[in-house]
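The primary structure of each chain is shown beneath.
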Amino acid sequence: MPVRIPRLLSAALISAGVSTIALAASTQSLTWRGDTVTANSVVKGVAKAWQSSGHGSVQIQPFNTASGLDAVSSGSADIAGSARPSDGSALDSGLTFTPVAWDGLVLITSSQNPVSSLTMQQVHDIYYGKITSWAAVGGSAAPIDVFAVASPGDGIEFSLRKLLFGRGSQPVAAPRLYVNVTQLEQSIMLDPRGFGVTTLSSVAGNPKIKMLRIDGVAPSASSVASGSYPLFIPLYLVYNPSGANAAAAKEFVDFAQSEKGESALRSHSLVPYGAGAALVAMDQSRRSRILAEVGAHASAEPTQYAAAPSRPAVAAASRTAVAAAPALNKVSGSVVAAPQLPSLKNLHGDAFTQEVAVNRDTSFAKVTAEAYVSHSKVAGAKATAKRTAETKTESVKKVASAEKKSARSYRVGSGETLYSIARKQGVDVAQIRTWNHLKDNTVRTGQVLRIEAR
């Protein structure tokens with residue numbers, strides 16, 4: 001089973017900038033928690049219709065999918081929102097997942113980016129680190145800044161990776177991870193080179209975000225409803241049939257599928273699930289077609305973490321978070337509330353670097369540091385090479401040789417990672433590890449590293 005992000009305390013939600021919204025005052029109150037997309041596109045509208053129909057209040061706590069499912073399982077919330085179905089884990093098996101709407105996964109970039117369309121193969125290759133420059137897809141000669149939300153804790157990321165790679169826990173070449181889609185979208189708006197995934201209902205009408213066409217088809221409510229836009233997914237409401245408010249929670253889920261509930265869904269560019277019979281019928285063939293197109297095939301999600309305990313943690317007010325995919329032994333990056341799991345160590349870096357494949361089919365290309373590092377040389381080495389070419393003198397060759405063998409030290413600053421240092425120094429992550437005899441990508445503030453000139 002994929003790694004579960006720990007339950008979050010109310011204080012953690014507040015510190016992470018998550019708002020709690022009470023839509024009405026009532027003695028019969030339901031608490032909803034889940035991903036921000038489902039909160040904004042599904043729950044707010046349905047909850048208002050629910051309350052105006054004479055029902056009780058709904059307290060909305062938007063954060064991410066994993067926090068919602070964990071809260072419903074533990075009893076601290078009555079209903080969760082999820083952009084993925086049950087993953088078959090022991091935790092999910094006790095919950096009831098009800099699909100209520102169809103939404104479109106949309107690949108987004110800044111409105112300033114000239115690229116407007118990608119093929120499915122290009123999307124796959126960008127996430128897999130095979131395409132790293134916008135120039136390779138018709139854009140400017142600039143690196144693609146791939147942003148993601150920690151998966152498999154996030155249902156949107158899980159669903160996209162399931163479509164592209166055949167499993168939702170597939171590692172991808174995303175150097176920066178966010179705690180939820182809202183924060184990812186905010187970063188995309190500020191970065192002309194940014195790239196990430198969200199949903200149609202979340203960004204439709206946002207002039208600062210460009211939704212990319214896939215294989216020439218633009219995402220829209222109509223193209224999702226017809227199935228012509230290939231990246232459609234169901235959104236789920238989830239409750240615990242053994243929970244204290246199970247009857248009221250089920251009533252709310254049923255209301256979301258009523259005429260009033262469906263009207264609220266349509267107002268947010270969603271297709272009510274009941275109106276998508278054609279999508280249900282074509283779902284499996286659509287998945288097979290995408291996997292065949294990108295050269296992948298479906299594989300089972302790992303189950304080795306099924307017994308891992310959930311541990312409460314307070315999340316800092318940070319833009320980034322990390323979750324580990326089971327095929328990664330080491331993940332480096334900025335961390336918020338890293339889970340303490342028995343087979344995962346040192347969750348600290350910036351880029352997913354897969355050195356040893358575990359439970360991974362051979363049809364998936366190996367993701368290594370080469371997908372993320374800069375291959376440019378440091379200025380001193382470039383200058384030396386130029387002088388050598390111009391003079392062809394033995395003395396300059398000796399200087400070049402001395403510079404190549406020379407080393408300098410670099411002190412790790414606050415918030416820096418092995419990946420960011422490698423990019424700054426114009427070397428590979430693997431080289432820094434070799435020069436400093438590091439066993440993984442973990443570095444600490446104040447640590448002195450040896451950096452050799454190329």
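Rules used throughout
- Residues numbered from 1 in each chain as written.
- Predicted model: local features only at pLDDT ≥ 70, side-chain atom pairs only at ≥ 80, totals over all residues.
- Heavy atoms only, no water.
- Helix = DSSP H or I, 4+ residues; strand = E, 2+ residues; numbered from the N terminus.
- Buried < 20%, exposed > 50% of the residue type's maximum accessible area, 1.4 Å probe, protein only.
- Contact = heavy atoms within 4.5 Å.
- Polar contact = N/O pair within 3.5 Å; in protein donor to acceptor, adjacent residues only side chain to side chain.
- Phe/Tyr/Trp six-rings, centres within 6.5 Å; stacked < 30°, edge-to-face > 60°.
- Lys NZ or Arg CZ within 6 Å of the ring centre and 35° of its normal.
- Core = buried A, V, L, I, M, F, W, Y, C linked by side-chain atoms within 4.5 Å.
- Axes fitted to C-alpha atoms, helices over the stretch in contact; angles between N-to-C directions.
- Parallel < 35°, antiparallel > 145°, perpendicular 65-115°, else oblique.
- Left-handed = near helix turned anticlockwise from the far one by under 90°.
- Nonpolar A, V, L, I, M, F, W, Y, C, P; charged D, E, K, R; others polar.
- pLDDT = per-residue confidence, 0-100.

1. Side note on the environment of T109
And then number 1: Its location among the elements puts T109 in strand 5 (residues 96-110).
And then number 2: Using a relative accessible area of 0% as the deciding quantity, one classes T109 as buried.
And then number 3: If we skip the residues at most four places from it in the chain, T109 touches V115, W134, I188, P192, G194, K208, I209, K210 and L212.
And then number 4: Side chain to side chain, T109 and N113 meet in a polar contact 3.1 Å long.
And then number 5: Among the polar contacts made by the side chain of T109, one reaches the main-chain carbonyl oxygen of G194 at a distance of 2.7 Å.

2. Section: the packing of aromatic side chains
And then number 1: Under the counting rule described, the total for this entry stands at 9 aromatic pairs.
And then number 2: On the numbers, 5.3 Å between centres and 75° between planes, the contact of W50 with F252 is edge-to-face. Pair noted here: W50 is in helix 2 (residues 36-52) and F252 is in helix 10 (residues 246-256), with a separation of 202 residues, a long-range link. Neither W50 nor F252 differs from the other in exposure class; each is buried.
And then number 3: Relative to Y178, the ring of F147 has its centre 5.6 Å away and its plane inclined at 70°; by these criteria the two rings are edge-to-face. Of this pair, F147 sits in strand 7 (residues 145-149) while Y178 sits in strand 8 (residues 176-178), and the two are 31 residues apart along the sequence. Across this residue pair, the class does not change: F147 and Y178 are buried.
And then number 4: Put simply, the rings of W50, F252 and F255 touch in pairs and so form one group of aromatic residues.
And then number 5: The ring of F158 carries R84 above its face, with NZ or CZ at 5.5 Å from the centroid.
And then number 6: For R286, the ring lying beneath its charged end belongs to F232, and the centroid distance is 3.7 Å.

3. Here's the deal with the nonpolar core
And then number 1: Residues V42, L107, Y127, F195, L231, L237 and F252 are the most contacted members of the largest nonpolar core, which totals 78 residues.
And then number 2: The element that contributes the greatest number of residues to this core is helix 2, accounting for 8 residues.
And then number 3: Those residues in contact with F252 that lie beyond four places of it in its chain are L30, V43, V46, A47, W50, V58, I79 and L237.
And then number 4: One finds V412, A422, I432 and V443 within the second-largest nonpolar core, a separate group that totals 13 residues.

4. Here we look at the packing of helix 2 against helix 11 (residues 259-266)
And then number 1: Interaxial distance between helix 2 and helix 11 falls to 8 Å at its minimum, and their mutual angle equals 140°. Overall, the two elements helix 2 and helix 11 adopt an arrangement that is oblique. For helix 2 against helix 11, the interelement crossing comes out right-handed. Two secondary-structure elements touch here, helix 2 through S41, V42, G45, V46 and A49 and helix 11 through K260, G261, A264 and L265.
And then number 2: For the contact of helix 2 with helix 11, the class distribution of residues is 5 nonpolar, 3 polar and 1 charged.

5. Observations concerning the confidence of the model for the protein chain
And then number 1: Residues at a pLDDT of 70 or more form 69% of the protein chain, whose mean pLDDT is 74.
And then number 2: Of all helices and strands in the protein chain, the one with the weakest mean pLDDT is helix 1 (residues 10-15) (35), whereas strand 6 (residues 117-118) scores best (98).
And then number 3: In the model, residues 1-27 has pLDDT below 50 throughout and makes 90 contacts with residues more than four positions away in sequence or in other chains.

6. Some thoughts on unusual backbone geometry
And then number 1: Positive phi outside glycine occurs at S269, with the angle close to 65°.
And then number 2: Here S269 lies in the loop between helix 11 and strand 13 (271-272).
And then number 3: Under the relative-accessibility criterion, S269 is labelled partly exposed at 25%.
And then number 4: The phi torsion at H437 lies on the positive side, around 55°, for a residue other than glycine.
And then number 5: The residue H437 is located in the loop between helix 16 (429-435) and strand 15 (448-452) in this model.
And then number 6: The exposed category is assigned to H437, whose relative accessible area is 71%.

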